[in-house]
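So the chains spell out like this:
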Amino acid sequence: MLTLNDIQIRYGNVTAVNYVSLSLKEGQIGCLLGPSGCGKTSTLRAIAGFEHVASGSIELRGALVSSASTHIPPEKRHMSVVFQDFALFPHMSIADNIAFGLHTVPQEQRHARVDAMLDLIGLPNIGERYPHELSGGQQQRVALARALAPEPDLILLDEPFSSLDADLREELAKDIRRILKHQKTSALMVTHDQHEAFAIADVIGVMCDGALHQWDSAYGLYHRPVSRFVADFIGSGVLIPGVITEHHQVDCCLGQFALSAQHQFDKGARVEVLVRPDDIEHDDKSPQKARILNRMFRGSHIMYELGVEGSHVPLLCLAPSHHDHEVGEQFGIKTDLAHVVMFARAS
Amino acid sequence: MNQHIRALTDPWQGALLLLGAMLCTPIFVIYFSWGAFDTSVWSHLADTVLSDYIINSLLLAIGVGLGALVLGTTTAMIMARYNFVGRRILNWLLLLPLAMPAYIIAYTYTGILDFMGPVQSALRDITGWGYGDYTFPDIRSLEGAILVMSLVLYPYVYMLAKTAFSEQPASLYQASQSMGVTKYQHFLKVTLPLARPALITGAALAMMEAFADYGTVQYFGISTFTTGIFRTWFGLGDGIAAAQLSSVLCTFVFVTLVLEKMSRRKIQYFHQGQNHQSQTRKQLGMAKGAAAFFLCLLPPLFGFILPSIQLGYWATLTYKTAWDEQFTALVLNSLFIALAAAVVVVTLALLLTYGKRLKKTPLLSGNVGVVSLGYAIPGTVIAVGILLPLGWADHAINALWKSWTGELLGLVFSGTVFALLFAYSIRFLAVAIHNIESGLGRITPSMDNAARSLGASPIRVLKQIHIPMLRASVLSAALLVFVDVLKELPATLILRPFNFNTLAVRSFELASDERLVDAAMPALAIVLVGLVPVILLTRAIDRASQR
């Protein structure tokens, strides 16, 4: 329903977004994820119509809304935006805020719609109140209700949780996903927090320096990262040096691993292999040993940093918390690389 | 470079820049007046009065700055740190002197303290002394001027210092305590340095007012730049030399401004903007509380209450005869000019701030910054800078008209309401811009975007979001300009149309003619109207501190 074809956004001489393409299906919740300054918010603002694109095009339901020569103004796009600061109008009651986008709807239907929205967000009795009387979480829900009220084709959410307390975020993220799915509304969110992205989105795009590296499910991003940046940004893990010994085999300090998928490396190529904390299993009986350099208790699990010969960076191992070992101990490990992810080694 | 050329050709932007340039003309005029340098005039000035102007203006400004610092910091410290009986009423009282123009308090005290006044009469009654038996300090002196001006200008320091003191986090004091630092050391080493930018800004504002003052020093007979400028032009008839003197005074003011800015430059990081708990106020017992109350009561007592009582008493002597047609005309004139100025200034401020918001170019931001400096320029200087070019323009127009028709047209610009409004715009635009910008700041760009994405056209955004949200700040801007214009003396005195009197001008003229009792009615009217914004200000501060 939403398609971006190679869009570019420039501010003066700076290119903020460089040839970004993606497509979102009807009813899907998408998310653009990346560090600050990666161009994700510019992309969102271009979709909303607050920024012009320098080249490429944006289509909504098959209709062109943005290109180098076309720019449909934001008020004609049938998209609603939920802002980082919520942008509730402080001089209007909650009901008036929600009704703001319903000015073409007849009075009675408008009231009914406002009430339905307040019910939907679980705050049925606050219509007469004013934004400053609400808590941050409540303002957030009202902002969502205001955006949903005109039944837009697409909802855009710009860092919707960043001004809320950390313990509120997860709860609200779940609520918002439930509400969006209930309304069957397509949505695109922007965030720098992967946990928020995982909690809400069906499909996630990782952006860096204005480029979209990968547009994929959370599982895909974690297990099949297409770039070193995505591998590094999503989850934790380390890259250890390896060499392709046979076309379907890679050697590294943890042993030899079979390669099932197609890859572009020649025999003898020097690569880096991604090792996630869940790839290394703790097994006291294993002949392969590592020394514990550091440990971080995480409740149900303990994250161990392990020194392994042949790797200049410590490996990570997430072990169940009853496997309690001290720093300095030798530690039996078993490596299980379900998907081997490799990148070319620079040197 | 390309960008700047495009900016100039953009009509909306070009118009705003032109407006900014127009508002700067008086300053250009007074500095360009050096192009016509007359050695004989300046050697005369240098031999006679110039050193007086410089020394007295500097002493007055520094004295008033220090006086305001002492009064403002002491009261702010007590109000920020302690709870005591009567503190709430002091919250109001301490700001009241803002409503009292310096020239009015000056001649009120002259009346209170002169030979026939209540103080000396009482002294003679008690001691039985007669004329010549004792010496009594003369209020009509430089020291007297410093004293009365400090009494009405200390609120500038007080307001900023109180905010600075009460915003200091409690954790700082607790950190000092844990390191074994005494209360006194903490005050000297932490509290004061942290509040220093606020204190200096307040003192600099008071100093600029002191540089700008004409009424007080003229009435007290002290030779300063402002009185010198008047004398040079209207006594000696030398407009160019008056402009040159103006430029020297203006430079003094700008130096003050630059020093103030420099003193703040390094201290920006002090405000970390984190949520912190500010120190709770300490409850004082009866004796200490009473001492704190009376100490804080002194500045408003002498800066507002006593002079108001004196003015009120004088007014009761005259109100039956004083409220005549002439007085009604005076009131109407004052209201008319203040209202007109409020409308003009607020409109200009709206245009400038909106232009800045819409275009977001450095050129327009700079434009707003430059015109905002007008508040620092003394009214006398602005008046001279306006009168010279308008006079030249009138000459040129009349010459042209005469060559066509053989008749004279008379004054077109100078001595008209236009000249007055022009001067007020320069002097008070900063007040309006400051208010409207803070109102506009509450309307975040995402609110515009939210409204647009909800289907609102730009016009609807203006009507339903901006205008309702800006209403309060536009009204308060208009009110502040209104009151400031009502109180303004020197520029009005120079630029007013012939036979056009205002409350401020009339009150000052009557006082200058030693008709203090007759001057009370217009003076009291100014003070009463001036109370309105002070009350609103106190309310706003109350509300902010409750949050």
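What you are looking at is a predicted structure, and each value in this text was computed from that prediction instead of being measured.

Rules used throughout
- Residues numbered from 1 in each chain as written.
- Chains lettered and ligands numbered in written order.
- Predicted model: local features only at pLDDT ≥ 70, side-chain atom pairs only at ≥ 80, totals over all residues.
- Heavy atoms only, no water.
- Salt bridge = Lys/Arg side-chain N within 4 Å of Asp/Glu carboxyl O.
- Helix = DSSP H or I, 4+ residues; strand = E, 2+ residues; numbered from the N terminus.
- Buried < 20%, exposed > 50% of the residue type's maximum accessible area, 1.4 Å probe, protein only.
- Contact = heavy atoms within 4.5 Å.
- Buried area = accessible area lost by both parts, 1.4 Å probe.
- Polar contact = N/O pair within 3.5 Å; in protein donor to acceptor, adjacent residues only side chain to side chain.
- Nonpolar A, V, L, I, M, F, W, Y, C, P; charged D, E, K, R; others polar.
- Pairing = 2+ DSSP bridges.

A.B. asks: Looking at this structure, how should I read the pattern of salt bridges?
C.D. replies: Residues and elements named next belong to chain A. This model, assessed by the stated rule, comprises 19 salt bridges over all chains. A salt bridge links glutamate 159 to lysine 40, with the nearest nitrogen and oxygen atoms 3.8 Å apart. Linking glutamate 159 in the loop between β7 (154-158) and α5 (166-183) with lysine 40 in helix α1 (residues 40-48), this pair joins segments that are 119 residues apart in sequence. The residues glutamate 159 and lysine 40 share a single accessibility class, namely buried. In this structure, lysine 181 and aspartate 202 form a salt bridge, with 2.8 Å as the shortest nitrogen-oxygen distance. Separated by 21 residues along the polypeptide, lysine 181 in helix α5 and aspartate 202 in the loop between α6 (194-200) and β9 (203-208) bring together distant segments of the chain. Of the residues examined, lysine 181 reaches a relative accessible area of 33% and is grouped as partly exposed. Connected through salt bridges with shared partners, the residues Glu26, Arg61 and Asp153 form a single ionic network.

A.B. asks: Looking at this structure, how should I read the interface of chain B and chain A?
C.D. replies: At the interface, 18 residues of chain B touch 22 residues of chain A. Between chain B and chain A, the buried area comes to about 1,700 Å², and carbon and sulfur atoms account for 65% of it. On the surface where chain B and chain A come into contact, there are one salt bridge. The tally of links between chain B and chain A comes to five residue pairs in polar contact (both at pLDDT 80 or more). Elements that contribute at least two residues to the side of chain B that touches chain A include exactly α19 (445-453) and α20 (458-487) of chain B. A total of seven residues in the side of chain B that touches chain A trace back to one element, the largest contributor, which is α19(B). In the side of chain B that touches chain A, the residues fall into nine nonpolar, seven polar and two charged.

A.B. asks: For this particular structure, what's the right way to read the pairing of strand β17 (residues 301-307) of chain A?
C.D. replies: The side chains of a regular strand alternate between the sheet's two faces. All names here are of chain A. Where strand β16 (residues 289-298) lies against β17, seven bridges are found, and the strand directions are antiparallel. By the bridge assignment for β17, phenylalanine 297 is matched with isoleucine 302. The antiparallel hairpin formed by β16 and β17 contains two residues in its connecting segment, where glycine 299 sits at a positive phi of about 80°. Here β17 pairs with strand β18 (residues 315-320) via six bridges, running antiparallel. Across the sheet, residue methionine 303 finds its bridge partner in β18, namely leucine 318.

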